[in-house]
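Descriptive structure summary
One letter stands for each residue in the lines below.
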Amino acid sequence: MEPAGPEPLSSKCSSPRRAKQVMASAFGSPKSRALEPSAAPPPPPFGGQLPPPVLPCRVQASKLDLSHGRGAGSSASISTTTTTTVSASGTVANAGKTSEDPAGGVAPPPSIPPLNFNSQLSMTDLVEEQLILDPNTPRSPKHQMAEHIMTSGSTAQVMKRHMDAVVKVFATHSKPNFTLPWQRQQQFTSKSTGFAVRTDDGKRWLLTNAHSTTYHTQVQLKRRGDDEKYPARVLAIGTECDVALLEVEDEAFWKDIMPLELGDLPALQEAVAVVGYPIGGDSLAISAGVVSRVQMTHYSHGSMSLLAVQTDAAINSGNSGGPVMNAKGQCVGIAFQSLSGNSTQSVGYVIPTSVVRHFLADVQRHEHYTGFPALNIVWQEMDSKALKKAYKMQPHQKGVLVRSVGGASHEAAVLRKDDVLLRIEGQDVGTDGTVPFRHGERVDFKYLVTNKHVGDTVTLGVLRQGQELELEVTLSHYHYLVPPHLREAKPSYFIVGGLVFTVCTDPYLLQRYGSLGGAPVRLMGKSYYGVKNESDEQVVVLSSVLACDATLGYESTLGIKDSPVVAFNGEPVRNLAQLARLVNDCTEDYMRWDLEAGGKVVVMESATARRCTAVIKEDHNVADEMSRDVRQQLEEWQAAAERAAEAAAAAGCTTGGEEGSDGEGGSSPSTPVREGSRGDVL
């Protein structure tokens, strides 16, 4: 929710707040104490010279811009009939009604030099070696202390030098229509924050959140205090870690920008400042707070558990992608999400620099983003003493119980059900699934795994039937049966007759039902608990039934829409590309699809279905009856089959009368397996 701003300057206000008061109320500075009635006047600054007196004058309010003199997140509201009081230093305040001379005319203002309102101090300018913060931040003693640390002395000087490195991100998005996958949804725009980062090899990169650039068609950046937008190119998007890498080629953009340096993981109760462009204003805003917690946290955009920093500094919409800085002026993380609700206040989350460095190293190593690995196991805590004795554990041993192993992962060849996971990379695993982190802190053992890269090996200490073993596992992504996202890929589809088939994904269920909890139980269970048994396994669903001659009688059949497809003409369906190949190779008079929901079936005449496919494409403006990735998969299979036939012919083998690899089995001998990239499979 947008925070409430200071009271607007209005002629109806009996006690207007002057710009100096708004700025000085940001923290308990000598300036703010001087404004209190009981406070003694402060010593005059600038060598004992007092500022010029306040002189009344009439100002055309429609030409007055107070956005630089008020807190971020608020706007000054001045009517054209309001008379304001302007000091020679540029401070503006409401002076109430105008005075009239005895003749009834308006008294002319005294002659004063013209004022330059563009030189007014902004909320991120230095005032007497102090950095002014948003006055709407919480006023608790803890926040006041954090504000004092982050906004005074050398810290304010360091932060001031890096303010120009924080930019505003303007993005235009066009997400796919998952229910009609050959179309796009209506485009929309978003505003967020980004910043320039210093790399070891001297590259000029910028960072922001992945959800700030998801399915982008255009990304532009605006510098602080500038009116020009610069086009940016997205180099990589890390969906799981919610980080995106940008690049700007225009040299004018980089003038006088001092990139931020990535610091270390902040300590508990360390003061930090969130810098960005939250809703409610166009100027840069800063909110201070302390580090409340460091733990493994669910990243809502990427649906993955990674290390995150919790802070009580205000993180609102628009702060996404902004840097979180420490007292040294270093970036210790990226703001990305917050916890909202009636029972929560000031709970924001920050992507730590360890995750950011992992993302950058991944992009530099592979020239693209590959992701974060995971152990493809389901485990159980072992707090029960009886459970430990049943699995022959010694009193000093601790660990977690492996309940299942993903069949499509490398772990399936190494780990077994009922193994006890004792250690990961030499670190003892607790009975609650945690490992030592820092002094007095523990985190989920996934932290040790996510520090690795996809394709790396990890050493596991396992207790199997009372015997300790040291095993090595090659890490990959978690093999979800229903992918939580598509990694910016377009959804897959295949159309035959009026039947539209697609791959079941979380984005598809969210668009169709509004939430995963609103989806049918059969699909919700696959989404939450389904794990692949084969690397190319997919849940193929009948998405839509479009009206045509081939679908007569199926428009109102209950239970067939969104039902997983079990088999086609008696052949089990493993993925969408295989279904498309089976349909294209069908020589029977009828096509039959067996569905999971209620055991229902859909039968069509083959000739009618193929004829209606062309009609559907024309009526619904569909360029191709299948998505590009499905067609590419079919072409790869066809090329592999041709190479196999040529090799067999060269070896003198006769294959004409034999059942080839594309026969009843429905599988190709050289089906490409794209391990570790769930988005590529779709």
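Bear in mind that the values here come from a model prediction, so they are computed numbers and not experimental data.

A word on the overall build of the protein. Of regular secondary structure, the protein possesses 14 helices and 31 strands. Within the protein, the fraction of its 682 residues that count as buried is 49%. By sequence separation, contacts in the protein at least 24 residues apart represent 66% of the contacts at least 6 residues apart. For the protein, the exposed area adds up to about 32,600 Å²; of that, 49% sits on carbon and sulfur atoms.

Turning our eyes to something else, we now look at the packing of helix α11 (residues 576-584) against helix α13 (residues 628-650). In the contact formed by α11 and α13, the axes pass within 9 Å of each other and the chain directions differ by 65°. When the axes of α11 and α13 are compared, the pair comes out roughly perpendicular. Relative to α13, α11 is oriented so that their crossing is right-handed. Contact with α11, carried on its side by L576, A577, Q578, A580, R581 and N584, involves V630, Q633, L634 and W637 of α13 and no other residues of that element. Its residues assigned to classes, the contact of α11 with α13 comprises six nonpolar, three polar and one charged.

For K392, which is not glycine, the phi dihedral falls at a positive 60°. On the secondary structure map, K392 appears in the loop between α7 (385-390) and β18 (400-405). When its relative accessible area of 53% is taken as the criterion, K392 is described as exposed.

Turning to the pattern of salt bridges, a few remarks are in order. Using the criterion set out here, one finds 21 salt bridges in the structure. Across the pair D419 and R464 runs a salt bridge whose closest N-O atoms are separated by 2.8 Å. Here the residue D419 occupies a position in the loop between β18 and β19 (420-424), and R464 occupies one in strand β23 (residues 457-464), the gap between them amounting to 45 residues. The buried category is assigned to R464, whose relative accessible area is 14%. Residues D624 and R631 are paired through a salt bridge, measuring 2.8 Å at the closest nitrogen-oxygen approach. A residue is classified by how much of its surface remains accessible, and R631, at 29% relative accessible area, is partly exposed. Each of the salt bridges in this network shares a partner with another, and the network as a whole consists of K617, D624, E625 and R631.

Within the closed barrel, the six strands sit side by side as β11-β12-β13-β16-β15-β14. Their pairing is antiparallel. Within the sheet, the average angular offset between the axes of one strand and its neighbour, ignoring direction, is 50°. Taken together, the eight bridges between strand β12 (residues 285-299) and strand β13 (residues 304-311) define a ladder with antiparallel strand orientation. Within the sheet, the bridge partner assigned to Y299 lies in β13 and is M304. Packing against the sheet, helix α6 (residues 353-366) makes contact with β12, β13, β15 (331-338) and β16 (348-352), and its axis sits at approximately 45° to β16.

The next point concerns the sheet that holds strand β9 (residues 233-238). Strands sit in the order β8-β7-β4-β5-β6-β10-β9 across an open sheet of seven strands; the sheet is antiparallel. The outermost strands of the open sheet, each flanked by one partner alone, are β8 (229-231) and β9. Each neighbouring strand pair of the sheet contributes to a mean axis angle of 35°, computed without reference to strand direction. Pairing of strand β6 (residues 204-208) with strand β10 (residues 243-247), which is carried by three bridges, proceeds in the antiparallel orientation. By the bridge assignment for β10, T208 is matched with A244.

Another aspect to go through is helix α9 (residues 506-513). Helical periodicity: at 3.6 residues per turn, an α-helix aligns residues three or four positions apart in one direction. Along α9, the positions that sit buried rather than exposed are D506, P507, Y508 and L509. Where α9 is buried, its residues touch β26 (499-503), α10 (521-529) and β27 (540-545). Remark: G514 follows α9 within two positions and exhibits a positive phi of approximately 85°.

Let us now look at the state of the cysteines. For the structure shown, the criterion picks out zero disulfides. The closest cysteine sulfur to the non-disulfide-bonded C548 is located on C612, 4.1 Å from its own sulfur. Exposure remark for C548: the relative accessible area of 11% places this residue in the buried category.

Core analysis: the largest hydrophobic core is formed by 95 residues, its most contacted members being L207, L221 and F359. Looking at this core element by element, the count peaks at seven residues for β12. L207 has contacts with G194, F195, V197, V243, A244, L245, G321, I334, V356, F359 and L360, leaving out every residue within four places of it along the chain. L499, C586, A609 and C612 belong to the second largest nonpolar core, which has 40 residues in total.

Two faces make up the sheet, and in a regular strand the side chains alternate between them. A large share of β16 lies buried, amounting to five of its five residues. Covered by surrounding structure in β16 are G348, V350 and P352 together with Y349 and I351, the residues of both alternating faces. Note: β15 against β16, five bridges, orientation antiparallel. Residue pairing in the sheet places G333 in a bridge with P352 of β16.

Within the secondary structure, Q632 sits in helix α13. What makes Q632 partly exposed here is its relative accessible area of 37%. Taking C-alpha positions, Q632 is 9.2 Å from A577, a pair spaced 55 residues apart along the chain.

Now for the environment of A196. Along the chain, A196 turns up in strand β5 (residues 188-198). On the basis of relative accessibility, which here comes to 0%, the residue A196 falls in the buried class. Distance from A196 to P323, taken between C-alpha atoms, is 9.4 Å for residues 127 residues apart in sequence. Look past the residues within four positions of A196 in its chain and what remains in contact with it is A165, W205, L206, W254, I257, P259 and L260.

Where nonpolar side chains cluster on the molecular surface, the patch consists of Y590, V601 and V603 and spans about 240 Å² of accessible area. Relative accessible area serves as the criterion here: at 33%, V603 is assigned to the partly exposed category.

Here is what the cut-offs are and how they apply
Residues numbered from 1 in each chain as written. Predicted model: local features only at pLDDT ≥ 70, side-chain atom pairs only at ≥ 80, totals over all residues. Heavy atoms only, no water. Helix = DSSP H or I, 4+ residues; strand = E, 2+ residues; numbered from the N terminus. Buried < 20%, exposed > 50% of the residue type's maximum accessible area, 1.4 Å probe, protein only. Contact = heavy atoms within 4.5 Å. Areas by Shrake-Rupley, 256 points an atom, 1.4 Å probe, with all protein chains shown as cover. Axes fitted to C-alpha atoms, helices over the stretch in contact; angles between N-to-C directions. Parallel < 35°, antiparallel > 145°, perpendicular 65-115°, else oblique. Left-handed = near helix turned anticlockwise from the far one by under 90°. Nonpolar A, V, L, I, M, F, W, Y, C, P; charged D, E, K, R; others polar. Salt bridge = Lys/Arg side-chain N within 4 Å of Asp/Glu carboxyl O. Pairing = 2+ DSSP bridges. Disulfide = S-S within 2.5 Å. Core = buried A, V, L, I, M, F, W, Y, C linked by side-chain atoms within 4.5 Å. Patch = residues over 30% accessible without salt bridge, like charges linked within 9 Å, V, L, I, M, F, W, Y side chains within 5 Å.

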